[in-house]
Amino acid sequence: MTRSSLTQRAKALWGEFQESGDPALLDEAVDLLRAVLPDARDSDERVSIMSNLAAVLQAASAITGDIGALQESIALLQEGLADAQRTSPVRNALVINLATGLRARYALTGDIDALLGGIRLLRFEANEHVDAESQATLQNMLGAMLLELYLAGGDLRELDEAVSAARLAVALTPAEEAQLPPRLTTLASALSARCEATQNMADLDTAIATARRALAFTAPWHRQVADLAANLGALLHSRFELTGLRADLDEAIALSSSAASAEHPRAATLRNLGSALLSRSELSGDMRDLDEAVALHDRAVNALPAESTVVGDYLADLGRCRTTRYRITGDPSDIQEAIAAMEEAVRRTPAGHPRVADYLFALAEAWYLRYSREADNTTATMAVDNWKRAASVVGAGTAVRLKAARSWAETAALLGDWTSAAEGYETTTGLLPELLWRGADQADRSSLHDELANVPCDSAACMIEVGRPARALELLEAGRVVLWRWLLGLPTEIDTLGRVAPDLRDLANALAEIRNEVNHTGVPVIHARRSDDTADTVDRRVALAREWDELVERVRSIPGLDDFLRSPRAERLLTASTSGPVVIINASRFRCDALVLRGGSISVVRLPELTHEDAVARLNEFLSVVSELRRPIAVSDSLRTERVLTDLLAWLWHTIATPVLEHLGLLPGVGNAVGPLSHIWWCPTGPLAILPLHAASFVGPDGSSRGLLDHAVSSYTATVSHLAREQSGAAEPATAMDERPLLVSLAATPGMPGLPSASREMEILSRSARQLRPTILTGGDATTTAVRELLTHRSWVHFSCHGAAEVDAPWHSGIQLYDRRLPLRDLAGQEGSARQMVILSSCATSAAGKSIADESLNLVAALQCMGARHVVGALWSVQDESAAVMTDHLYRGVSDSPAEAARLAAQHLRNAVIELRRAYPHVPSTWACFVHYGP
């Protein structure tokens, strides 16, 4: 046969292989092309044969995993490309085949330089080609390789470029073109990855529609049908995991089952079907699905090439399936094999690789499940050890590290290993600022707060248990400050660094970029469909961690910034007690204590009668009854409300106030009703945060009410840091403020219950503050636009209108004006112009009626966190006379000196409450609601 006929025969064999997938056809084609290559004399002919031989070798390598065949193909293509002229008709094929070969070398060996080299080649060639066919081919390959690069490094810019390139490739491809299905598949894969990174469901919906088009444009007998069906099935399963739509799961299983029935199904196809069947078994409880899922994951692991870079994910999924089956059947062999599979996943993945944290977390969960069945502390210790290892993988995503640290701490506490528990909670608290940053989606804030709200209190409890009260104070404060900032959408330390010190703006930006990159990587192992991370990826994560540490240390070396991103130091927090004792009530499921700051020292007062469970129950009963005070209620309901409040105040007196007052030496004598008393600043945490601790009291034998009001003046502080800053004078406003009060009164608000007390308050305010020339807005004049314009530099603002505390979306909380709600941010004041006084006299500032188990929102505390110096408010809706008496006392002396009146606000407020209690001793709803936050 002639050289030409041999070449044509090889091409025919290649075409037959593309239809049938028979690898024997490739071997024959390779032999033919190798035979004719040495005799090719014409340069174009030689280059064409080299390109064809390289393509066949690549196909053979893809089936066998033979790296030698792949290396030979790359060498041939590089030689051919060097010889080919710019106008050569085979140049485009050489470029595509070389890029494909470099991509395959990356997949087999993890050589990131091969992937980068292919991307550079494609970008260069794309700039040289103008015809649509060449551009479509190049852009599709570029999109696919940029997607690989994103999966390796997590840079969303590369992913966006991948989507754009794949879109262009599809747009340039005619509907009848045979290459349209694979190009649609590239686009679908890129969109799916972007949805996984950003949680943008629109991308996933488009990916599914695109994958459907790819399948629809492919002939049923084509060998790519199985792969296309498997891809669509995987996408539908992903959407089911996000939405729970059963139709998606059923279709995913049908498509994946069809793909898996092929003669040589891909490992990924088997894995995807196994994951979908596991999901269905979890819904239906059908053990047949679960057994088949285990078998499929086992086959998928065995179908991988020996040196596969994705084996860790496959082993971890196999372990998860066996763990699930053990949870149902209790078969010891399942949990043993699950642990073995996940240990193997860890062993076969480079140390420090970000995925290792996911594998270790799943391994720890398996050990803990075994402990729950066997009650053997050795297995629980293994769980703790693996969670601890997961938390220490510095290159992993912050979310999985924090979750691991928290699980480590909780389990160690369960075992009574308080030293390990304290270390675990210290690690958890240290990771909070990296996870909870303002740029994240607001919709996740409430759920994340619910998940993490007990971390600060539990951290402090463990530190107290090991005899480290100063560290307990630091961790409690650090965690609560971060969570408050997160919940309210306030700037983080990184966000404010550049504004506080403009010369540090570059440092702040660099830290923000590292934080964002780390937080956008580390997909949870259970939901990941693939992992192409390499040793280079590990190096990148480690380098980011090192760069982060170096940048943070540079900031800390600057005078005044030594505590940047660090738990606040106890010695600084102790400065909050310069004007009187500060009492932090720590309510944890492990133990409950009062941390008393006084005279530069910290002491611990154990509260043996207080439990977290009781506090939660009391809180939810409190919220239930005060919600009734928003509207007129029947006499029977009113009596119940007063009984509940009276009982609550007695409980607060016996469980908290009495032990603290005894420790402070304030209990023996009864204070003068209006004379000077010790001033205590309370900082209740967790479920105690919005309970009326200041009004803790009991009914004496003579029927009179006695309590905390008789022994001390009480103020609150949302965090000790705020109080310390205020006491030191560091929070003085940077801009001049207008001392003329702004008074806003709405006795009637469209769509809201009436507030008759508002009119009487305005009469008192107009008289008391007349000399200060207040601005008064009432009725339809009290719109958000009008109030915003006047608020800008007002030091003293008073609102007599409805408040709205949104537990599920606290950043939407605020004051209801005539037209709409005024957000908290506007009330607190702009940065550098903190308000001297904010009064919410008739506003119910707690989230009444909402059943919650952790620290709840209090508008007054939130305003202090946002920068208001003094805030006075009511925990629930109050009667006309109560608001009037409070207002009258609060404004005494305001005309002489607003600043001095603000400083004495707590004393004036106590006097008002004493007067109301004297008049209505058995009706605590009239006097126990008013609170003061501030120095």
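Residues numbered from 1 in each chain as written. Predicted model: local features only at pLDDT ≥ 70, side-chain atom pairs only at ≥ 80, totals over all residues. Heavy atoms only, no water.

- In the nomenclature of an unreviewed UniProt entry, the protein corresponds to CHAT domain-containing protein from the organism Micromonospora parva.

1. Points about helix α1 (residues 3-20)
Stage number 1. For α1, built from 18 residues, the straight-helix expectation of 26 Å at 1.5 Å per residue is met to within 8% by its first-to-last C-alpha distance of 26 Å.
Stage number 2. Within the sequence span of α1, burial applies to Leu6, Thr7, Ala10, Leu13 and Phe17. Each buried residue of α1 sits inside an arc of 115° when the element is viewed along its axis, so together they form one side.
Stage number 3. The elements touched by buried residues of α1 are α2 (23-36) and α3 (43-64).
Stage number 4. Phi turns positive, to about 75°, at Gly21, one or two residues after α1. (Helix = DSSP H or I, 4+ residues; strand = E, 2+ residues; numbered from the N terminus. Expected span 1.5 Å × (residues − 1). Buried < 20%, exposed > 50% of the residue type's maximum accessible area, 1.4 Å probe, protein only. Arc of directions from axis to C-beta. Contact = heavy atoms within 4.5 Å.)

2. Thoughts on the environment of Ser601
Stage number 1. Tracing the chain through its elements places Ser601 in strand β3 (residues 601-606).
Stage number 2. Residues Ser601 and Glu571 lie 30 residues apart in sequence; the distance between their C-alpha atoms is 8.6 Å.
Stage number 3. Residues within four places of Ser601 in sequence aside, it is in contact with Leu574 and Val596.

3. Side note on the sheet that holds strand β13 (residues 821-823)
Stage number 1. With antiparallel pairing, the 3 strands of this open sheet are ordered in space as β11-β12-β13. At either end of the open sheet lies a strand with only one pairing partner, and these are β11 (803-804) and β13.
Stage number 2. By the bridge criterion, 3 bridges tie strand β12 (residues 814-816) to β13 in an arrangement that is antiparallel. For Gly814, the partnering residue across the bridge sits in β13 and is Pro823. (Pairing = 2+ DSSP bridges.)

4. So, the packing of aromatic side chains
Stage number 1. All chains considered together, the criterion is met by 8 aromatic pairs.
Stage number 2. Aromatic pair Trp418 and Phe590: ring centres 5.6 Å apart, planes at 75°, arrangement edge-to-face. With Trp418 in helix α20 (residues 418-435) and Phe590 in the loop between β1 (582-587) and β2 (592-598), the pair connects residues that are 172 residues apart, well separated along the chain.
Stage number 3. Note on Trp418: relative accessible area 22%, which makes it partly exposed.
Stage number 4. On the basis of relative accessibility, which here comes to 24%, the residue Phe590 falls in the partly exposed class.
Stage number 5. For the ring pair Phe622 and Trp876, a centre distance of 5.8 Å and an interplane angle of 70° mean the geometry is edge-to-face. Here the residue Phe622 occupies a position in helix α28 (residues 612-627), and Trp876 occupies one in the loop between β15 (870-874) and α35 (880-890), the gap between them amounting to 254 residues. Accessibility assignment for this pair places Phe622 and Trp876 in one class, buried.
Stage number 6. Aromatic ring contacts, followed pair by pair, group Phe361, Tyr368, Tyr371 and Trp387 into a single cluster.
Stage number 7. In this structure, Arg271 packs its charged tip against the face of Tyr314, placed 4.7 Å from the ring centre.
Stage number 8. The ring of Tyr326 has Arg373 lying over it, and the distance from NZ or CZ to the ring centre is 5.1 Å. (Phe/Tyr/Trp six-rings, centres within 6.5 Å; stacked < 30°, edge-to-face > 60°. Lys NZ or Arg CZ within 6 Å of the ring centre and 35° of its normal.)

5. Examining the pairing of strand β7 (residues 713-716)
Stage number 1. The side-chain alternation of β7 yields two buried faces, one formed by Val713 and Ser715 and the other by Ser714 and Tyr716.
Stage number 2. Pairing analysis gives 4 bridges linking strand β4 (residues 679-684) to β7, with the strands arranged parallel. Each residue of the ladder has a partner; that of Trp681, found in β7, is Ser715.

6. Some remarks on a negative patch on the surface
Stage number 1. A surface patch of like charges, here negative, comprises Asp22, Asp27, Asp31 and Glu263.
Stage number 2. By secondary structure assignment, the location of Glu263 is in the loop between α12 (246-260) and α13 (267-284). (Patch = residues over 30% accessible without salt bridge, like charges linked within 9 Å, V, L, I, M, F, W, Y side chains within 5 Å. Areas by Shrake-Rupley, 256 points an atom, 1.4 Å probe, with all protein chains shown as cover. Salt bridge = Lys/Arg side-chain N within 4 Å of Asp/Glu carboxyl O. Lys, Arg positive; Asp, Glu negative; His and termini not counted. Charge placed at Lys NZ, Arg CZ, Asp CG, Glu CD.)

7. Concerning the side chain of Arg105
Stage number 1. Note on placement: Arg105 falls in helix α5 (residues 91-109).
Stage number 2. Overall, the relative accessible area of 19% leaves Arg105 in the buried class.
Stage number 3. Residues within four places of Arg105 in sequence aside, it is in contact with Leu70, Gln71, Ile74, Gly110, Asp111 and Ala114.

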